[in-house]
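Examination of the molecular architecture
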Amino acid sequence: MVKFTAEELRKIMDLKHNIRNMSVIAHVDHGKSTLTDSLVAAAGIIAQEVAGDVRMTDTRQDEAERGITIKSTGISLYYEMSDESLKNFKGERVGNEYLINLIDSPGHVDFSSEVTAALRITDGALVVVDCVEGVCVQTETVLRQALGERIRPVLTVNKMDRCFLELQVDGEEAYQTFQRVIENANVIMATYEDPLLGDVQVYPEKGTVAFSAGLHGWAFTLTNFAKMYAAKFGVDESKMMERLWGENYFDPATKKWTTKSTGSATCKRGFVQFCYEPIKQIINTCMNDQKDKLWPMLQKLGVVMKSDEKDLMGKALMKRVMQTWLPASSALLEMMIFHLPSPAKAQRYRVENLYEGPLDDVYANAIRNCDPDGPLMLYVSKMIPASDKGRFFAFGRVFSGRVCTGLKVRIMGPNYVPGQKKDLYVKSVQRTVIWMGKKQESVEDVPCGNTVAMVGLDQFITKNATLTNEKEVDAHPIRAMKFSVSPVVRVAVQCKVASDLPKLVEGLKRLAKSDPMVVCTMEESGEHIVAGAGELHLEICLKDLQEDFMGGAEIIVSDPVVSFRETVLEKSCRTVMSKSPNKHNRLYMEARPMEDGLAEAIDDGRIGPRDDPKVRSKILSEEFGWDKDLAKKIWCFGPETTGPNMVVDMCKGVQYLNEIKDSVVAGFQWASKEGALAEENMRAICFEVCDVVLHADAIHRGGGQVIPTARRVIYASQLTAKPRLLEPVYLVEIQAPEQALGGIYGVLNQKRGHVFEEMQRPGTPLYNIKAYLPVIESFGFSSTLRAATSGQAFPQCVFDHWDMMSSDPLEPGSQAGQLVSDIRKRKGLKEQMTPLSEFEDKL
Amino acid sequence: MDFESKYEISSTVDFIRGRTFTRVALQFPDELLKDSPLVAKALRSELGKAVRLYVMADAAYGSCCVDEIGASHVDAECVVHYGHACMSRTSTLPAKFVFGKASIDVKDCAKSLSHCLSSFNKPIMVLYGLEYAHALVNLKAEVAESLLSSHSNSSLKISYAEVVGTVIYPSVDHLTEKAQVSSQYDSLTKTRITVGGDEREIKSGTYYGLGGLSWNIPTGHKIEDYLLFWIGPENTAFTNIMLTFNNCKIIRYDADKKCLLEHLSNQTRILRRRYYLVEKAKDANIVGILVGTLGVAGYLHIIEQMKELIKSAGKKSYTLVMGRPNPAKLANFPECDIFVSVSCAQTALLDSKDFLAPVITPFEAVLAFTRGRQWTGEYVVNFQDLIASIGSEVNEGTEEARFSFIKGGYVEDIKPQENDKEEEGSLALAAATDKALSLQNQDPTSILFKRNATSGTMFFAARTYQGLNMQYENPAPQSYVIGRSGRAAGYLDEERKAEDLPGAVE
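These numbers come from a predicted model, not from an experiment.

Digging into the confidence of the model for chain B
Residues and elements named next belong to chain B. On average, residues of chain B score 76 in pLDDT, and 78% of them are at 70 or above. Note that residues 173–203 has pLDDT below 50 and, in this model, 44 contacts with residues that lie over four places away or in other chains. Confidence drops under pLDDT 50 across residues 418–423; counting only partners more than four residues distant or on other chains, this segment forms eight contacts. As scored by the predictor, the complex reaches a pTM of 0.79 and an ipTM of 0.77.

Here we look at the packing of helix 2 (residues 32–43) of chain A against helix 13 (residues 328–339) of chain A
Residues and elements named next belong to chain A. The N-to-C vectors of helix 2 and helix 13 enclose an angle of 95°; their axes lie 9 Å apart at closest approach. On the basis of their axis angle, the class for helix 2 and helix 13 is roughly perpendicular. Between helix 2, through Leu35, Ser38, Leu39, Ala42 and Ala43, and helix 13, the contact on the second element is made entirely by Ala328, Ser329, Leu332, Leu333 and Met336.

As for the interface of chain B and chain A
When the parts of a complex come together, some accessible area is lost, and that lost area is often used as the size of the interface. On the side of chain A, 61 residues touch chain B, which itself brings 44 residues to the contact. Here chain B and chain A share an interface that buries about 4500 Å² over both sides, 54% of which is from carbon and sulfur atoms. Here Arg711(A) makes a salt bridge to Asp354(B), at a shortest N to O gap of 3.3 Å. In this structure, the connection of chain B to chain A is made through nine residue pairs in polar contact (both at pLDDT 80 or more). Elements supplying a minimum of two residues to the side of chain B that touches chain A: helix 9 (264–282), helix 11 (327–331), strand 19 (402–404), helix 16 (428–441) and helix 17 (444–449) of chain B. Here the side of chain B that touches chain A takes six residues from helix 9 of chain B, the largest share from any one element. Grouping the constituent residues of the side of chain B that touches chain A by class yields 20 nonpolar, seven polar and 17 charged.

Regarding the confidence of the model for chain A
Reading predicted coordinates in detail is not appropriate for stretches of low pLDDT. All names here are of chain A. This prediction gives chain A a mean pLDDT of 84; 96% of its residues lie at or above 70. Summarising per-element confidence for chain A, the mean pLDDT is lowest in strand 3 (residues 45–47) (61) and highest in strand 28 (residues 576–579) (94). This stretch, residues 49–53, has a pLDDT under 50; its non-local contacts, to residues over four places away or in other chains, come to eight contacts.

How each quantity is defined
- Residues numbered from 1 in each chain as written.
- Chains lettered and ligands numbered in written order.
- Predicted model: local features only at pLDDT ≥ 70, side-chain atom pairs only at ≥ 80, totals over all residues.
- Heavy atoms only, no water.
- pLDDT = per-residue confidence, 0-100.
- Contact = heavy atoms within 4.5 Å.
- Axes fitted to C-alpha atoms, helices over the stretch in contact; angles between N-to-C directions.
- Helix = DSSP H or I, 4+ residues; strand = E, 2+ residues; numbered from the N terminus.
- Parallel < 35°, antiparallel > 145°, perpendicular 65-115°, else oblique.
- Buried area = accessible area lost by both parts, 1.4 Å probe.
- Salt bridge = Lys/Arg side-chain N within 4 Å of Asp/Glu carboxyl O.
- Polar contact = N/O pair within 3.5 Å; in protein donor to acceptor, adjacent residues only side chain to side chain.
- Nonpolar A, V, L, I, M, F, W, Y, C, P; charged D, E, K, R; others polar.

So this is what it looks like as structure tokens:
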């Protein structure tokens, strides 16, 4: 631990070339927090007074209990490089002191939004991969997210200790495993070719891959070993590094390097010969307590042990020896300092991703140059609950200029449109704060390139915002973050005591602020709904809601509510007609299912209301087989004008049709939001207006007549086209050893899931299973799975697609029919569906 | 039941004679209209030729209110109202109410009542539909008898609400009087929870009045301690009781089916739904004020108040008179995000899935449009009670963005001053241009279908079809042609055509 005062820390913050902002990302349980801990233990900056406090990043009690990280936590590290190790450093620097702002992020997929928020304010990422489990689904997701944000990655192959102690693999086999892990990661990174960011792939021989054992606190990069051997072989370090990886073999018998194995028993791969084997030897010697052998070896390596440490035995001795020989902190921190960009460097290319406005204006330039004297540009990525209940710190990164206590800032919210006054406030920052471990220290100001927390803005910032100086009226905001998960699991909450309602309302508001992903809404029936990314996420949110934001007032939480979608199976069996209330207007319509993939294309925004009609008709005709002219006759999308349903005009030569278009569209927006079955949203239905008969007088074909009629005819056409329910389906990825497979299949079968991919991880006894699982069945899935596999399987669920339920909801007693009546009951609707005859009229 | 007593002919005659009215309007709801000739005949035979009687039916608004406009068409001096009534105060004419007499099995009702008393162990307040008022005396006697015989716990009491009276006179200067009375209430009831209806400090306790009933709660008791026992069908009068006394346990005795019903789930459901509508109203930009009455005292005042309230909330309001609202009428105003219905307590609660935009009551509007005001559980159904309370609201003046539970996030409301305070001076033109430019930016579909319009003109401008356009290419006036004549249901020339070609028109 490095003991600092706030003033000392503040001094380094001015050196923009000596700052590294980085996040630690990985799959759940690959050892992020443990690794971070070992870094913090060595280099963490803590306030002088609280020195000795431990466990820095898992600050919440529930995090410690569950052994997972829930909220991303920022921590600052200080590292002083030696002149010698910096001699190869080409980048700009001022002195040898470095400040590393590190953010430990959660690995569970439910908390991906935290990762997104962390990535926005960092420039580099340390990707942690378990050397046995390899690149997993969440590794891939977060890596893609990082690269999308133009975050430069470095990799560490973690849990090396497992190779030596648990698996006892020999050098060559271990090399192959590591090689595969690195390759897998590189495959993902290679897809993000980016001329500005350069080559983002990682290479051990270039020092961008580390090998670590977070639990034991040691790590190395090939640089460490290259330094050791360079002198011995009389070559320079970079040359030596190349020899230590890849197809380079050394035969101590002949003392010759070859690029192919000569086949002789003594000829071994450079990595095995010079890195793996020595470590293995040391570890084995320690574990076997062969101290007489150990001390000379250590002396040769230049490792000096303290006398009291020499009495340690077995594992403890090994740990201590390895930590002294190859300290994790210096290997990893040096890698970060060497290979991750400083804010000054990173903002040069990140400005394109970040700034919404023109890239040549003063703000873009200030961000690009990381100019501390330029206008303030600050992005608030999350709100952190403060110790006094109900208040929040606005946590973010200064991209240019400096923010100081008392500064009047212009707050641009997510809905701010330049030139308008919407979502815009001018307020002053009460205090600027930096984190020193768990303690916050007020500082006068914070210059660009650093992270900062601000007090006094929480009333005006909802989740994120862009801050600039008061006078900078023409500044554009920084682009909003894109999340990779969506809130699909919903529960209804109500307070046990009716008079607690104001508390609940207040609590929900605060909850919505504190978590980037959670959504608090209300059902038509007046129930408060909390929606989260997954069961675990929701559980944590509700706990926060009750304990922190409602002061412990009791709440009643309903069973999880899953939203469905309504769709149709076939084209309507006949053209249906509805008459307006005055019987003078008639609308004829048919419904049909959309072509496969079209609804997804609308979801993704490839097809939408604002397309150029020519482009749209090209996509529709080429990919979905639409008639070119028809593609131009799409009236609208819905619900909410962008949803995956549409109305197409198929009529020919109808008088006054343009007059009622708005009314039909209004009716459609309404109807597609609340389908005829259970008032769930519609999906993938195309409504074709076949014919329209209108009254000759405009007054009799107004909105009042047409809107309700359009709604009725849409319902009628939906009901005549074999309506079906769509249920949301998760993609589940499970990693487990072979003996657990039986249990996994059993649980999946019981939960209506089906496995579509089962793959053994090469070189491991682990299997990777991918399956689809209906969301409605997923509640309690992980605990059932854990029980059935004695804790060996751990699932990760992400929403994947909508799946049609085969049973007919119109048939009472069928599975879908039962669901429909359950939903109707929950919503307080009439239990019986409105019959077709209510919507369709006879001529 | 005989006709004479059902329609209270004799008391009606006394009422008319007593005030020497000469022109009397008889107002019948649709279901009683068939009896109107008999009633009129019976009255005429009693009153003679001197008094002119007019039968009115099919009121433009709810049939529970006195149709004063209809009555003034015939210059009536008073109205006799038959059937179910909301007992709202009239503004110009005196009215006599004849509730009718619904049949009830008094013995069974008394049995249920004493059963409730023993099983819930709470004092009971008996409330009833006005059509059961006639049986109250018998019921009281019956219950007293059964209590005596069963020697039940004497500490628990059954109290009965009384009918306020069957005649309502308009107050001369209603509004000022009302204001005075209300200010008196304020000072008196400050320390107590104000619950619905007419509440007045009386020496012996708290006075409640709702929907034509009134009752007292002795000092030291709270209405929440009582079990409310409602006799009558599940109608709007009952819903009002449920909403107003949402903290009380309510049991309904259905006189037709002779059974006891608990409506707890229904009660919370309706309340929650109203709560949702309030939240929804907060998001509205354009509010339609539906004038649902032209008779209930103080309606003009509350409309003015609503307009001011909506304006101060930064929203736009339009006042619409459309009689009884139905889906087709409301859908003629697709620009309105929400409607506030100013009408008597029993017709204001409209909740239909068929309406394009929800309809809320003035009380809910006050909740929704007053910043920082939270729903504490009280509910006021009569807008007269609101008139007093609105003025005393304190605006918290927080600048924090409002959290919308409908959109699931924080939203920013339009600032009220933005609409009316125009920037003065040299920058005025620039500001105006700025606004004009930003208007163009917005996507018309989002204005039309996502409720983003802030005024009717904005909505109109976004419409794809805006009605007939002037033709500027050919400025010369066109020669006139003879238009059609007749009614829209069938013009004269259309009828002729239909005769010519039978079967061509369906």
